[in-house]
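Structural overview for review
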Amino acid sequence: MAIEAPISKYRRTNFIIYIVVSLGVAIIFAYDGYLSKYKWSGRYSFYKEHVLDNDGKPNSTMVFNQKSPPFFIGAAILFGVYYLIIRNDKLIADENELIISGKKRIPYDSIEKINKTYFEKKGFFVITYKNESGRQVSKKISDKRYRNLPAVLDHLVAKIS
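These notes cover the structure that comes with them. The structure displayed is predicted, hence computed values, not measured ones.

1. Comments concerning the pairing of strand β4 (residues 104-107)
- Sheet topology places strand β3 (residues 97-100) next to β4; four bridges connect them, and they run antiparallel. Its bridge partner being in β4, Ile100 is matched across the sheet by Lys104.

2. Focus on a nonpolar patch on the surface
- Together, Leu23, Ile73, Ile77, Val81, Tyr82 and Ile85 make up an exposed nonpolar region whose accessible area comes to about 540 Å².
- Considering each element in turn, the nonpolar patch owes the most residues, five residues, to helix α4 (residues 69-86).
- Tracing the chain through its elements places Ile73 in helix α4.
- Given the relative accessible area of 39%, Ile73 is considered partly exposed.

3. Things to note about the environment of Phe124
- If you trace the backbone, Phe124 turns up in strand β6 (residues 124-130).
- On the basis of relative accessibility, which here comes to 15%, the residue Phe124 falls in the buried class.
- Between the C-alpha atoms of Phe124 and Arg145, which are 21 residues apart in sequence, the distance is 9.6 Å.
- If near-sequence neighbours (up to four positions away) are discounted, Phe124 is found in contact with Tyr118, Phe119, Lys140, Ile141 and Ser142.

Rules used in this analysis
- Residues numbered from 1 in each chain as written.
- Predicted model: local features only at pLDDT ≥ 70, side-chain atom pairs only at ≥ 80, totals over all residues.
- Heavy atoms only, no water.
- Pairing = 2+ DSSP bridges.
- Helix = DSSP H or I, 4+ residues; strand = E, 2+ residues; numbered from the N terminus.
- Patch = residues over 30% accessible without salt bridge, like charges linked within 9 Å, V, L, I, M, F, W, Y side chains within 5 Å.
- Areas by Shrake-Rupley, 256 points an atom, 1.4 Å probe, with all protein chains shown as cover.
- Salt bridge = Lys/Arg side-chain N within 4 Å of Asp/Glu carboxyl O.
- Buried < 20%, exposed > 50% of the residue type's maximum accessible area, 1.4 Å probe, protein only.
- Contact = heavy atoms within 4.5 Å.

That is the geometry; function is a separate question.
Given below as structure tokens:
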């Protein structure tokens, strides 16, 4: 019986926060950079301070506010694309191997030890295994990335023992 640990709500929520903050910052900077020159904008004092009081030439703050919004929008798009890529990631503990995100497969017979010292307090455990080339590799698996880790850990311990 395979035990699945899907991506955690913590990780999904963080990506949504990154997207919203990036878009919010882009909107604020665009507003200050382009709409503050109108008296109805409520930010005319910002425009006056950074352009009019500077002999009609925008200073570095105004230039930044005019040029940065596309970069923040680009960051929001990148966060969104990465979120779409990882939203279906899972940690699967089946009968013969541990499958991480559908790509990395760790056979149970290659796992040398499981360090679950910090699992109760900090929410992660570390597995040490030998990869295909025979090198010893450690992989930290955290509850901030995956849900249902206690069941996966119990299954791993039962298969290794």
